[in-house]
Every structure is written in structure tokens, then in C-alpha cells.
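Each chain, letter by letter, is given below.
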Amino acid sequence: MSALAPLRLLREPSNASEGNHSNATVGAGGGWCQGLDIPNELFLVLGLVSLVENLLVVAAILKNRNLHSPTYYFICCLAVSDMLVSISNLAEMLFMLLLEHGVLVMRPSIVRHMDSVIDTLICSSVFSSLSFLGVIAVDRYITIFYALRYHSIMTLQRAVVTMASVWLASTVSSTVLIAYYRSNTVLLCLIGFFLFMLVLMLVLYIHMFALARHHLHSISSQQKPPTAHRGGSLKGAVTLTILLGVFFICWGPFFFHLILIVTCPTNPFCTCFFSYFNLFLILIICNSVIDPLIYAFRSQELRRTLREVMTCSW
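Remember, predicted model here, so these are calculated numbers, not experimental data. (Residues numbered from 1 in each chain as written. Predicted model: local features only at pLDDT ≥ 70, side-chain atom pairs only at ≥ 80, totals over all residues. Heavy atoms only, no water.)

**What to know about the overall build of the protein**
Looking only at helices and strands, one finds 12 helices and 0 strands in the protein. Secondary structure of the protein in N-to-C order comes out as α-α-α-α-α-α-α-α-α-α-α-α. Looking at the protein as a whole, 46% of its 314 residues qualify as buried. A sequence separation of at least 24 residues applies to 84% of the contacts in the protein between residues at least 6 apart. In the structure as shown, the protein presents an accessible area of about 15,700 Å², 68% of it carried by carbon and sulfur atoms. (Helix = DSSP H or I, 4+ residues; strand = E, 2+ residues; numbered from the N terminus. Buried < 20%, exposed > 50% of the residue type's maximum accessible area, 1.4 Å probe, protein only. Contact = heavy atoms within 4.5 Å. Areas by Shrake-Rupley, 256 points an atom, 1.4 Å probe, with all protein chains shown as cover.)

Laid out in C-alpha cells, this is it:
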């Protein structure tokens, strides 16, 4: 068992034999197909950094009453999802080290059960992170295009129902993934979910930027200073676009890896790509490290509250 085990279960296709793997690696280009040997300590350090950052974001949102709105509740849930990745990673790393050094002695059946629980927790945070990014995008879209009706559309009750639904769906989906991770049907559903969310966010952001560009063009032609609302809308769109870009860069290679498992499990070049799986896992953890930094530097209110939390000004 190792860090992010449920994702490592998908390191290579089940129908790719060891012989095929070796031959493909040699035939696809030698040295650059050897992959990367990333130490477990790096996973541990990134997990700790992510845990601290996301914990600060959650504490800041809970502390400041001005941040008690559906938008920041969704951001808080995203931070919790990233925090779960870190906690699961750290828990599994500690569990593995205790077993390796003989400090903890357990029956194999209990070890498998513990592994499944941690696997489900990590996969649930993966599904919820992606889902809340989509929810935040929809929330921002409503804020911009239905500003006058926002509070009647996105009520606190609907926000709570949305958050509860995401967590429930994420838990169920992760359980199915862990139980049937070798099934191509399950992998295709996971890939389809990722592509659906990606297309949804792209469409929303493109529409938001089109509106922001139209506003800026109108302001320039009339030679009027920009209003705070329009400036805030543009800033919000830029923030969420950065989040989307970071998510795509950090998660794209992993989902491309899943696509290759389904489409070309024994192809030499696909096998070469599989050998860099550890790098894809590092990028996934980096996503949970980068997200809080974006919140802190893009939101003045959240940045101020984070400063108060870090200086214990409660």
C-alpha cells in the first residue's frame, strides 16, 4: 500500500501483462520511458502544506460573517474536499510506515479493510472537488447574468441541498469506483463525468468573458469609468478561469491516462505514458495546494480574514 493507493490502482491496465509492459517500454524509446521515481517524502510534504492551507481557508470563512454566503460556502466545501485528499494521503502514509517498521501489526483482512476505507475517502474527495468547481462556476454565472434575482435563485436552502447532494453522490460514486476499478465501463463513466464538468465550465466562462468584454468595449466607447459591479464580475470570472486552468493542468494528465487505459492498453507509446503515473499524482496534490493560494490573493475580504486567523485576531 502506498500514497494515494486508489489512484495507483489505475497505474496500468489489468490486461497489460508484465511482458507486454517491458517490451513496450523498451520499444517505445528507452530512457524517457523509465518514468519518475518520486520519493514518498514529497507526497508527505505536499500533503501537509495542502492541509494547512485549506484549513486556514475553512477557518477564515467560518470566522467572517461577511463570507457566510452560498458562494463562499461552496468555496469552503471545495477546500474541505482538498483537505480530505491531504488527510487521506497523510493517514495512509503514516499507516504504511507503521506497518513497514513493524510498529503496527494487523491481520491482512483488516489491512485491506483500512485500505478500502482510505481509498473511498480519497476518491470521494476527487469527485467532490470536481463537482464543487462546477457548482462554483454555475453560482458565479448566476451572480453575473441574474444579479437582481440571485438571492431568490440561490437561497441558503438550495445551497445546503446542493452541497449535501454533491457529498452524497461523491460517496456513492467513489464506493462504486473502488469496487469495480478494473471495469472499463466504470472508467468511461469517470472520464465522461470529468469531460462533462470541463465542458460545462468552459461554456459558462466563455459566456461570462464575452459579457465582460462587451461591457469593457461599451465603457471604452462611451469613455466612462468602469463600475464596481462590472469590475467585480470580470475579476470573479478571471478567478474562476484561473481555477479551471489549474484544475485542467493538474488533473488533465491523470484523466488522459485513464483514456489511454481504455483505448490503447498495450500500445508502446501508451505504456510509456503510464510510466509517468507518479508525476500525475504529484500534479493532483499540487491542485489542492494551489487552490487556497488563488482564493487568498484574489479575494480581498478572504485575504484580510486569513491574516486575522494567522495572527490569532479572533
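**Observations regarding the environment of threonine 162**
Following the sequence through the fold, threonine 162 ends up in helix H7 (residues 156-179). Classification of threonine 162 by relative accessible area gives partly exposed; the value is 25%. In this structure, the C-alpha to C-alpha distance between threonine 162 and phenylalanine 132, residues 30 residues apart in sequence, is 9.4 Å. Beyond its immediate stretch of four places on either side in the chain, threonine 162 contacts Phe74 and Val135.

**Some details on helix H4 (residues 70-100)**
Taking 1.5 Å per residue, 31 residues should reach 45 Å; H4 reaches 45 Å between its end C-alpha atoms and fits that length. Of all 31 residues that make up H4, 22 are buried, and the element is covered over most of its length. (Expected span 1.5 Å × (residues − 1).)

**Topic: the state of the cysteines**
If you walk through the whole model with that rule in mind, you get 1 disulfide. The disulfide bridge from cysteine 264 ends at cysteine 270, spanning 1.8 Å between sulfur atoms. Here the disulfide of cysteine 264 and cysteine 270 is left-handed, its torsion about the S-S bond being about -85°. Taken as a pair, cysteine 264 and cysteine 270 share a single burial class, namely buried. (Disulfide = S-S within 2.5 Å.)

**As for the side chain of serine 170**
Within the secondary structure, serine 170 sits in helix H7. On the basis of relative accessible area, serine 170 is assigned to the buried category, the value being 1%. Setting aside residues up to four positions removed in sequence, serine 170 forms contacts with Ser124, Phe127, Ser128 and Ser131.

**Let's talk about the pattern of salt bridges**
Going through the model one piece at a time under the given rule, you end up with 3 salt bridges. We note a salt bridge from lysine 63 to glutamate 308, for which the minimum N-O separation is 2.8 Å. Here the residue lysine 63 occupies a position in helix H3 (residues 40-63), and glutamate 308 occupies one in helix H12 (residues 300-310), the gap between them amounting to 245 residues. Residue classification places glutamate 308 among the partly exposed positions, given a relative accessible area of 22%. (Salt bridge = Lys/Arg side-chain N within 4 Å of Asp/Glu carboxyl O.)

**What to know about the packing of H3 against H4**
Running from N to C, H3 and H4 cross one another at 150°; their axes reach a closest spacing of 8 Å. Looking at the two axes, H3 sits roughly antiparallel to H4. Pair H3 / H4 crosses with left-handed handedness. Class assignment for the residues of the contact of H3 with H4 results in 18 nonpolar, 6 polar and 1 charged. (Axes fitted to C-alpha atoms, helices over the stretch in contact; angles between N-to-C directions. Parallel < 35°, antiparallel > 145°, perpendicular 65-115°, else oblique. Left-handed = near helix turned anticlockwise from the far one by under 90°. Nonpolar A, V, L, I, M, F, W, Y, C, P; charged D, E, K, R; others polar.)

**Here we look at the packing of aromatic side chains**
In total, this model carries 11 aromatic pairs according to the counting rule given. Between phenylalanine 132 and tryptophan 167 the ring centres are 5.5 Å apart and the planes differ by 55°, which places this aromatic pair in the tilted class. Of the two residues, phenylalanine 132 is situated in helix H5 (residues 108-145) and tryptophan 167 in helix H7; the sequence distance between them amounts to 35 residues. On the basis of relative accessible area, tryptophan 167 is assigned to the partly exposed category, the value being 22%. For the ring pair phenylalanine 254 and phenylalanine 255, a centre distance of 5.5 Å and an interplane angle of 80° mean the geometry is edge-to-face. Classification of phenylalanine 255 by relative accessible area gives buried; the value is 3%. (Phe/Tyr/Trp six-rings, centres within 6.5 Å; stacked < 30°, edge-to-face > 60°.)

**Brief notes about the environment of phenylalanine 127**
By the secondary structure assignment, phenylalanine 127 is in helix H5. When the C-alpha atoms of phenylalanine 127 and alanine 169 are compared, they prove to be 8.3 Å apart, with 42 residues separating the residues in sequence. Among residues more than four places away in sequence, those in contact with phenylalanine 127 are Ser170, Ser173, Ser174, Leu177, Leu190 and Phe193.

**A short note on the UniProt feature "transmembrane region" (unreviewed entry) in the protein**
Following the UniProt record, one finds the feature "transmembrane region" (unreviewed entry) at residues 42-62, 74-97, 117-138, 159-179, 185-212, 233-261 and 273-297. The straight-line gap between the two end C-alpha atoms of residues 117-138 is 31 Å; of that span, 100% is helix and 0% is strand. (UniProt positions renumbered as here; feature names shortened; annotations may be inferred.)

**Considering the environment of phenylalanine 247**
You can see phenylalanine 247 is positioned in helix H9 (residues 228-263). Phenylalanine 247 sits in the buried class, given a relative accessible area of 2%. With 43 residues separating them along the chain, phenylalanine 247 and isoleucine 290 place their C-alpha atoms 9.4 Å apart. If we skip the residues at most four places from it in the chain, phenylalanine 247 touches Leu130, Leu133, Phe194, Gly252 and Asn287.

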